[in-house]
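# Overview (structure and organization)
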Amino acid sequence: RKEVEQDPGPFNVPEGATVAFNCTYSNSASQSFFWYRQDCRKEPKLLMSVYSSGNEDGRFTAQLNRASQYISLLIRDSKLSDSATYLCVVRYSGYSTLTFGKGTMLLVSP
Amino acid sequence: DTAVSQTPKYLVTQMGNDKSIKCEQNLGHDTMYWYKQDSKKFLKIMFSYNNKELIINETVPNRFSPKSPDKAHLNLHINSLELGDSAVYFCASSLLGGKAGTDTQYFGPGTRLTVL
């Protein structure tokens, strides 16, 4: 079983739509959780950390369910510039390195 | 100013050659990393260095040898290149090496290696 699994995508949505990405992780020792964004042929960049109580940053809302080992990202009012691959990322307790999911591609069309 | 920089951006070479990729960060971070992103876009850790010392080596073939002359630089040397080494290699750095839960990693722009 893969350590971090995501919806394969791609998700094709019109501008203004709300879209949700899901992610599950297999290692219960996972300590920290993130969503990264990667544009085509570019490096991954941190979108937001995910906190236990859930957190919001503008149009983006992240949720964490430790019991189910599940993370989600909700994007409201999608913009064309949101088109990218969204990577679910976990850090295991005691480790500095990140474990990435394969990513879910989002395509927002006019 | 670029925070994490890598050179070269593109590298095309023949099988069997030896090549190096350089990485520098000007963020004052203690920890640097090398990741490999293969053709399936899967990003995987290769090495992690903290203050010039190797702390993680994720079962990478010993043809790959990282070198950290100082904590701002982490270079990757690859011997006897193989077709399967073709990928994008990303360097990254972080301040605390994961000691704080939300320690952020900053990635360089990547080096696209093509082995012919």
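In what follows, the structure referred to is the one given above.
Below you will find a few notes about this structure. (Residues numbered from 1 in each chain as written. Chains lettered and ligands numbered in written order. Predicted model: local features only at pLDDT ≥ 70, side-chain atom pairs only at ≥ 80, totals over all residues. Heavy atoms only, no water.)

### What to know about the overall build of chain B
Definition in use: The secondary structure listing takes helices from DSSP runs of H or I that are at least 4 residues long and strands from runs of E that are at least 2 residues long, numbered from the N terminus. Put simply, the radius of gyration uses C-alpha atoms, and a globule should come to 2.2 Å times the residue count raised to 0.38. A simple rule labels every residue: compare its accessible area, found with a 1.4 Å probe on the protein chains alone, to the largest value its type can have, and call it buried under 20%, exposed over 50%, or partly exposed in between. The criterion used for residue contact is that any of the two residues' heavy atoms lie within 4.5 Å. Only the protein chains shown count as cover for residues, and all accessible areas are computed by the Shrake-Rupley method using a 1.4 Å probe. None of His or the chain ends enter the tally, which takes Lys and Arg as positive and Asp and Glu as negative. Where a charge lies is defined by one atom per residue type, namely NZ (Lys), CZ (Arg), CG (Asp) and CD (Glu).
Scanning chain B from N- to C-terminus turns up 0 helices and 11 strands. Expected size for 116 residues packed as a compact globule is a radius of gyration near 13 Å; at 13 Å, chain B falls within 12% of this value. The C-alpha extent of chain B, read off along each of the three principal axes, is 40 × 30 × 30 Å. For chain B, the proportion of its 116 residues judged to be buried stands at 44%. By sequence separation, contacts in chain B at least 24 residues apart represent 55% of the contacts at least 6 residues apart. Roughly 5,700 Å² of accessible area belongs to chain B as shown, and the carbon and sulfur atoms make up 50% of that amount. Between the averaged position of the 13 positive side-chain charges in chain B and that of its 11 negative side-chain charges there is a distance of 5 Å.

### Observations concerning the side chain of Gln 38 of chain A
Short version of the rule: Contacts described as polar in this section are N or O atom pairs within 3.5 Å, which, within protein, must combine one atom able to donate a hydrogen with one able to accept it, while residues neighboring in sequence count only if both atoms come from side chains.
Note on placement: Gln 38 of chain A falls in strand E4 (residues 30–38). Engagement of the side chain of Gln 38 of chain A in a polar contact is seen with the backbone oxygen of Lys 42 of chain A, the distance being 2.8 Å. For Gln 38 of chain A, the side chain forms a polar contact with the side chain of Gln 37 of chain B, separated by 3.0 Å. When neighbours within four sequence positions are excluded, Gln 38 of chain A is seen to be in contact with Glu 43, Pro 44, Ala 84, Thr 85 and Leu 87 of chain A together with Gln 37 and Phe 90 of chain B.

### A short note on the sheet that holds strand E6 (residues 55–57) of chain A
Two pairing modes exist for strands in a sheet, parallel and antiparallel, and in both the strands are linked by backbone hydrogen bonds. All names here are of chain A. Counted only if it meets this: When DSSP finds two or more bridges between a pair of strands, those strands are recorded as paired. Axis lines are fitted to C-alpha atoms, over the contacting stretch for helices. Their N-to-C directions set the angle, which ranges from 0 to 180 degrees.
Pairing is antiparallel in the open sheet, where 5 strands are placed in the order E1-E3-E8-E7-E6. Each of the sheet's edge strands pairs with one partner strand only, and the pair in question is strand E1 (4–6) and E6. Neighbouring strand axes in the sheet, compared pairwise and without regard to direction, differ in orientation by 20° on average. Bridge analysis of E6 against strand E7 (residues 60–65) gives 3 bridges, and the strand direction is antiparallel.

### Comments concerning the packing of aromatic side chains
Threshold: Whether two aromatic rings pair depends on their centres lying within 6.5 Å, for rings of Phe, Tyr and Trp, where Trp uses its six-membered ring; planes under 30 degrees apart make the pair stacked, over 60 edge-to-face, and the rest tilted.
Per the counting criterion, the structure on display carries 12 aromatic pairs over all chains. Centroid distance Phe 64 of chain B to Tyr 89 of chain B: 6.3 Å. Interplanar angle 35°. Geometry classified as tilted. You can see Phe 64 of chain B sitting in strand E7 (residues 64–70) and its partner Tyr 89 of chain B sitting in strand E9 (residues 87–94), a full 25 residues away along the chain. This pair shows no difference in class: Phe 64 of chain B is buried, exactly as Tyr 89 of chain B is. Here the aromatic rings of Phe 90 of chain B and Phe 107 of chain B are separated by 6.3 Å at their centres, their planes lie at 80°, and the arrangement is edge-to-face. Placement of Phe 90 of chain B in strand E9 and of Phe 107 of chain B in strand E10 (residues 105–107) is noted, with a sequence separation of 17 residues between them. Taking relative accessible area as the criterion, Phe 90 of chain B reaches 2% and is therefore assigned buried. In textbook terms, an aromatic cluster arises when at least three aromatic residues are bridged by ring pairs, as seen for Phe 34, Tyr 36 and Phe 100 of chain A together with Tyr 33, Tyr 35, Phe 90 and Phe 107 of chain B.

### Here's the deal with the interface of chain B and chain A
Put simply, the rule reads: Buried area is understood as the total, over both parts, of accessible area removed when two parts are fitted together, assessed with a 1.4 Å probe. Just to be clear on terms, a salt bridge is a Lys or Arg side-chain nitrogen sitting within 4 Å of an Asp or Glu carboxyl oxygen. For this classification, Asp, Glu, Lys and Arg are treated as charged, while Ala, Val, Leu, Ile, Met, Phe, Trp, Tyr, Cys and Pro are nonpolar and the rest, including Gly, are polar.
Facing the 25 residues of chain B at the interface are 20 residues of chain A. Counting the surface lost from both chain B and chain A, the interface buries some 1,800 Å², and carbon and sulfur atoms represent 55% of this. Linking chain B with chain A are 0 salt bridges, by the criterion used here. Where chain B touches chain A, the interface holds 3 residue pairs in polar contact (both at pLDDT 80 or more). Listing elements by their share of the side of chain B that touches chain A, those giving two or more residues are strand E4 (31–37), strand E5 (43–50), strand E6 (53–57) and E10 of chain B. Of the residues contributing to the side of chain B that touches chain A, the split by class is 12 nonpolar, 9 polar and 4 charged.

### Observations concerning the state of the cysteines
Residue and element names in this part refer to chain B. Definition in use: Here, the term disulfide refers to a pair of cysteine sulfur atoms separated by no more than 2.5 Å.
Throughout the structure, instances matching the rule amount to 2 disulfides over all chains. Disulfide pairing is shown between Cys 23 and Cys 91; the S-S distance is 1.9 Å. Given an S-S torsion of about -75°, the disulfide between Cys 23 and Cys 91 has left-handed geometry. Placement of the pair is Cys 23 in strand E3 (residues 19–25) and Cys 91 in strand E9, with a sequence separation of 68 residues. Like Cys 23, the residue Cys 91 is buried in the burial classification.

### Some thoughts on the pattern of salt bridges
Residue and element names in this part refer to chain B. Under the defined criterion, the tally for this structure stands at 7 salt bridges over all chains. Between Asp 30 and Lys 71 there is a salt bridge; the shortest N-O distance is 2.8 Å. Remark: Lys 71 occurs in the loop between E7 and strand E8 (73–78) and Asp 30 occurs in the loop between E3 and E4; sequence separation between them is 41 residues. For Asp 30, a relative accessible area of 26% gives the class partly exposed. Put simply, Arg 63, Glu 82 and Asp 85 are held in one network by salt bridges that share partners.

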